Amino acid sequence: MDATPQAFDRVLSSMCTRPHPAAARAAQRFLADNPGDPATYPDVAALEEHVLDALGTVTGLADPAGYVAGGGTEANMQAVRAARDLTASDDPVVVAPTSVHFSFQKAADVLDVNLRLVPTDDDYRADPDAVAAAVDDDTALVVGVAGTTEFGRVDPIPELAAIAREAGTRFHVDAAWGGFHLPFTDHAWHFGHAPVDTLTIDPHKVGRAPIPAGGFLARDDATLDALAVETPYLETTSQATLAGTRSGAGVAGAAAALDAQWPDEYRENHERATANATYLAENLRDRGYDVVTPELPLVAFDLPEATFDAVRADGWRLSRTGSGEARVVCMPHVTRAMLEAFLDTLDTARVGTRE
Ligand SMILES: *Cc1c(COP(=O)(O)O)cnc(C)c1O
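The rules behind these values
- Residues numbered from 1 in each chain as written.
- Predicted model: local features only at pLDDT ≥ 70, side-chain atom pairs only at ≥ 80, totals over all residues.
- Heavy atoms only, no water.
- 1 Å grid on protein atoms, 1.4 Å probe; cavity = no way out; pocket = protein on both sides within 12 Å on 5 of 7 lines; lining within 4 Å.
- Points joined across faces, edges and corners; volume = space filled by probe spheres on them.
- Helix = DSSP H or I, 4+ residues; strand = E, 2+ residues; numbered from the N terminus.
- Nonpolar A, V, L, I, M, F, W, Y, C, P; charged D, E, K, R; others polar.
- Core = buried A, V, L, I, M, F, W, Y, C linked by side-chain atoms within 4.5 Å.
- Buried < 20%, exposed > 50% of the residue type's maximum accessible area, 1.4 Å probe, protein only.
- Domains from an automatic or database assignment.
- Pairing = 2+ DSSP bridges.
- Axes fitted to C-alpha atoms, helices over the stretch in contact; angles between N-to-C directions.
- Contact = heavy atoms within 4.5 Å.

Caption draft 1: Layout of the layout of surface pockets. Here the largest pocket is characterised by a volume of approximately 420 Å³. Lining the largest pocket we find 22 residues, and of these Glu49, Gly66, Tyr67, Leu224 and Ala240 sit closest to its centre. For the lining of the largest pocket, the secondary-structure elements that each account for two or more residues are helix H2 (42–58), strand S1 (65–69), helix H7 (221–227) and strand S9 (238–239). Broken down by element, the lining of the largest pocket gets its largest block of residues, five residues, from H2. Lining the second largest pocket are 17 residues, and of these Gly72, His101, Ala176, Asp202 and Lys205 sit closest to its centre. Its residues assigned to classes, the lining of the second largest pocket shows six nonpolar, eight polar and three charged.

Caption draft 2: View of the nonpolar core. In terms of nonpolar packing, the biggest core is built from 82 residues, with Leu12, Phe171, Leu284, Phe301, Leu318, Val328 and Phe342 touching the most fellow members. Each of two domains, domain 1 (21–261) and domain 2 (264–353), supplies a minimum of three residues to this core. Core analysis: the next-biggest nonpolar cluster, separate from the first, contains 15 residues, Ala83, Val94, Val113 and Val145 among them.

Caption draft 3: Structural view of the pairing of strand S11 (residues 298–301). A two-sided burial pattern is seen for S11, the buried positions comprising Leu298 and Ala300 on one face and Val299 and Phe301 on the other. Examined bridge by bridge, strand S10 (residues 291–292) and S11 share two bridges and lie antiparallel to one another. Residue pairing for S11: valine 292 is matched across the bridge by alanine 300. Counting the residues that bridge the hairpin from S10 to S11 gives five residues.

Caption draft 4: Geometry of the sheet that holds strand S4 (residues 139–145). One open sheet accounts for seven strands, arranged S1-S7-S6-S5-S4-S2-S3; its pairing is mixed. Here the strands that pair on one side only, and so sit at the sheet edges, are S1 and strand S3 (114–118). Neighbour to neighbour, the strand axes of the sheet diverge by 20 degrees on average, direction disregarded. Taken strand by strand, H2 contacts S1 and strand S7 (214–218), and its axis lies near 110 degrees from that of S1. Across the face of the sheet, helix H3 (residues 72–86) comes into contact with S1, strand S2 (93–97), S4, strand S5 (170–174), strand S6 (198–200) and S7 while running at roughly 175 degrees to S5.

Here's what the structure looks like:
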């Protein structure tokens, strides 16, 4: 079958992007290596340790435990799994804001734990009072999101961590998307800012590593020990990952992406993306659209159905939040010229649909 990889010049909805060239080259070299068996593939295993150290630097933790996961979904699932296995409750509950990523639904389903979703405040952030009220003796884990998928909001991480600590439960931060923006902001979000037990940060999103490269980080080795199973037929005798065979391309790509970009290129990306988000939000407001003021570079705004359909029909990849807003994620491939062209399309579509 003849197929062409998606061009990125009209992709506004995705949290993935073109990999960094150095990361793409590194991924190509390590395609056949399996970091799931480090005794057989020691070099890629060493690269994975290097990625962990680098992600520890990004997230305020020297010498983190963890590994390069398939993505944020696996990392979140492992955080829930560790919490379930370490709690005394027979009927464990995960407490999270409604803005949490749908991967927690999958985790709750697969791991047979209860997911208790707590309404956010009127600016789409976790509401600490509501979270505190939802926590009880069966709570195994409280989750905060640092950069929500739909609105780019950063939950009040220190407040949520304090609630979890007070209740004697674990605390997880999901920074899958936000983790490569937040170091260049004033937000308190990582291990160095609060008693965070586990954290998700995806190199394959804003980090510009090739897919699959997610990051699962833990403060203590005990978390990984809780996840480890014996692996009789491998040269290495235990494994804490969810996947067995894993992608050496993901690990090597993440290592090269971090080496090439931390911190200067990531800072430049953050600044460019933030300026683009501000530009788009202002230009949408000038045209009369209701815009959710961006916190991280993600712009959500009301767009009538007919205009949304017309824009999609013109080839733009645009998606909606659960509550219906269109959302533009200012990823590294999203340039000012692209946004200008998008606004032109919007104007034409608007006339066409007599909005
Ligand atoms: C994208 C995302 C995830 C899921 O990550 P995948 O890499 O798609 O599995 C989890 N949490 C948040 C906040 C995300 O934005």
